Amino acid sequence: MSYTQTAGPVAARKPALQRLARAAEPWLYSAPVLVLIITVMMVPLVLGLSYAFRDVQLLNPFSGGFIGLDHFRELSQDVAFYRALKNTLWWTGASVFLQFFFGLILALLLDKPFAGRGVVQALVFLPWAVPTFLAGLNWAWLFNPVIGPLPHWMTSLGILSAPNNILADPHLAMWGPIIANVWWGIPFFAITLLAALQAIPRDLYEAASIDGATPLQRFTSITLPFLAPTIAITVLLRTVWIANFADLIIVMTNGGPADRTQIVASYIFTQAFKRLDFGYASAIALALLVLLLAYSMVIVIMRQRLIEKD
């Protein structure tokens, strides 16, 4: 009688334990990756964000205390930050637009079969494999009026009145890193848009041609609607990356002349590694993070509406 009484609860508990084990099984498999992500990404992120509310100056042994929102009050009155924010909008907007425009043209051209297309694709995607530091050095050399060819070419074409270094011209300096960034980032849009183009059913184009649609009508009625979700996500990714991308500017102009090429990302670098004020640099980084999160939410909502509309 006692055996029957004890066997009942054990048998009832066994299915519950099995269900718990099945529910925990995916988490156990992904536990190493989750631990790695938390260790490598989340811990430094939380630690870096905490610096925004502390006075962390490497040359001050008495720093490190909690100061609340003092960094953000200083940031709200920082003229250099607002200039860097304005430069960031110009740098990011021009770079993304030109990368997308030329990347779309390349994707449309590479979508058509022709002899040697594989070789051309390899050459087009080559800039993406070049390290940004090396790309910045190469373009700084190209814009050098003494040893570089570009100023002389632009003078011959009438773009410049004299073969001067545009990286030293406050009115033209931003165009140097933008041109280098466009050259380096075009393959990203070309690769992603080419993949999206090849996923469009060819029957749609054939049916539109039979109905008498012109190439422009086929592009606006078929190609663009199918590419819209991909365009939204690629523009989102490139905008976030370029807004945080200071390598080319630091290598080519170091934010000069007169802070005309200083963007928020390079301003963070200046505050953290030149002035060694990690607290204020973290406050700037947090402000940039909030702006990029707001932008990302808007793009994600627009992309979701495009998908639901289709």
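Residues numbered from 1 in each chain as written. Predicted model: local features only at pLDDT ≥ 70, side-chain atom pairs only at ≥ 80, totals over all residues. Heavy atoms only, no water.

Trainee: Hey, could you run me through the overall build of the protein in this one?
Mentor: The helix and strand inventory of the protein stands at twelve helices and zero strands. Traced from its N-terminal end to its C-terminal end, the protein shows the element sequence α-α-α-α-α-α-α-α-α-α-α-α. Whereas a compact globule of 310 residues would reach a radius of gyration of roughly 19 Å, the protein reaches 27 Å, over 25% beyond that. Each principal axis of the C-alpha atoms in the protein carries an extent, and together these give about 105 × 75 × 35 Å. Counting over 310 residues, the protein shows a buried share of 35%. (Helix = DSSP H or I, 4+ residues; strand = E, 2+ residues; numbered from the N terminus. Rg over C-alpha atoms; globule rule 2.2 N^0.38 Å. Buried < 20%, exposed > 50% of the residue type's maximum accessible area, 1.4 Å probe, protein only.)

Trainee: What should I look at first to understand the packing of aromatic side chains in this one?
Mentor: Here a ring pair, both rings aromatic, is described through the centre-centre distance and the interplanar angle of the planes. Following the criterion strictly, the structure yields 15 aromatic pairs and no others. Look at F101 and F102: their rings are 5.3 Å apart centre to centre, the planes differ by 75°, and that puts the pair in the edge-to-face class. Using a relative accessible area of 37% as the deciding quantity, one classes F102 as partly exposed. Considering the side-chain rings of F188 and F189, the 5.6 Å spacing of their centres and the 80° angle between planes classify their relative orientation as edge-to-face. In this structure F188 comes out as buried when scored by relative accessible area, which is 11%. Aromatic ring contacts, followed pair by pair, group F100, W128, W184, F188, F189, W241 and F245 into a single cluster. Looking at R238, its charged tip hangs above the ring of F188, at a distance of 5.6 Å from the centre. (Phe/Tyr/Trp six-rings, centres within 6.5 Å; stacked < 30°, edge-to-face > 60°. Lys NZ or Arg CZ within 6 Å of the ring centre and 35° of its normal.)

Trainee: Explanation requested: the packing of helix α3 (residues 79-110) against helix α9 (residues 215-243) in the structure shown.
Mentor: Helix-helix packing is characterised by the crossing angle of the two axes and by the distance between the axes. Close contact between α3 and α9 brings their axes to 10 Å; oriented N to C, the two are set at 140°. Viewed along their axes, α3 and α9 adopt a mutual orientation that is oblique. Relative to α9, α3 is oriented so that their crossing is right-handed. Facing α3, whose interface residues are T88, W91, T92, S95, V96, Q99, F100, L104 and L108, α9 presents F219, L227, I231, V235, R238, T239, I242 and A243. For the contact of α3 with α9, the residue count by class is eleven nonpolar, five polar and one charged. (Axes fitted to C-alpha atoms, helices over the stretch in contact; angles between N-to-C directions. Parallel < 35°, antiparallel > 145°, perpendicular 65-115°, else oblique. Left-handed = near helix turned anticlockwise from the far one by under 90°. Contact = heavy atoms within 4.5 Å. Nonpolar A, V, L, I, M, F, W, Y, C, P; charged D, E, K, R; others polar.)

Trainee: Before we go on, may I ask you to explain the confidence of the model for the protein in this structure?
Mentor: Close inspection of predicted coordinates is inappropriate for parts of the model with low pLDDT. Per-chain confidence: the protein averages 86 in pLDDT, with 95% of residues scoring 70 or above. The least confident element of the protein, judged by mean pLDDT, is helix α1 (residues 2-51) at 75; the most confident is α3 at 94. (pLDDT = per-residue confidence, 0-100.)

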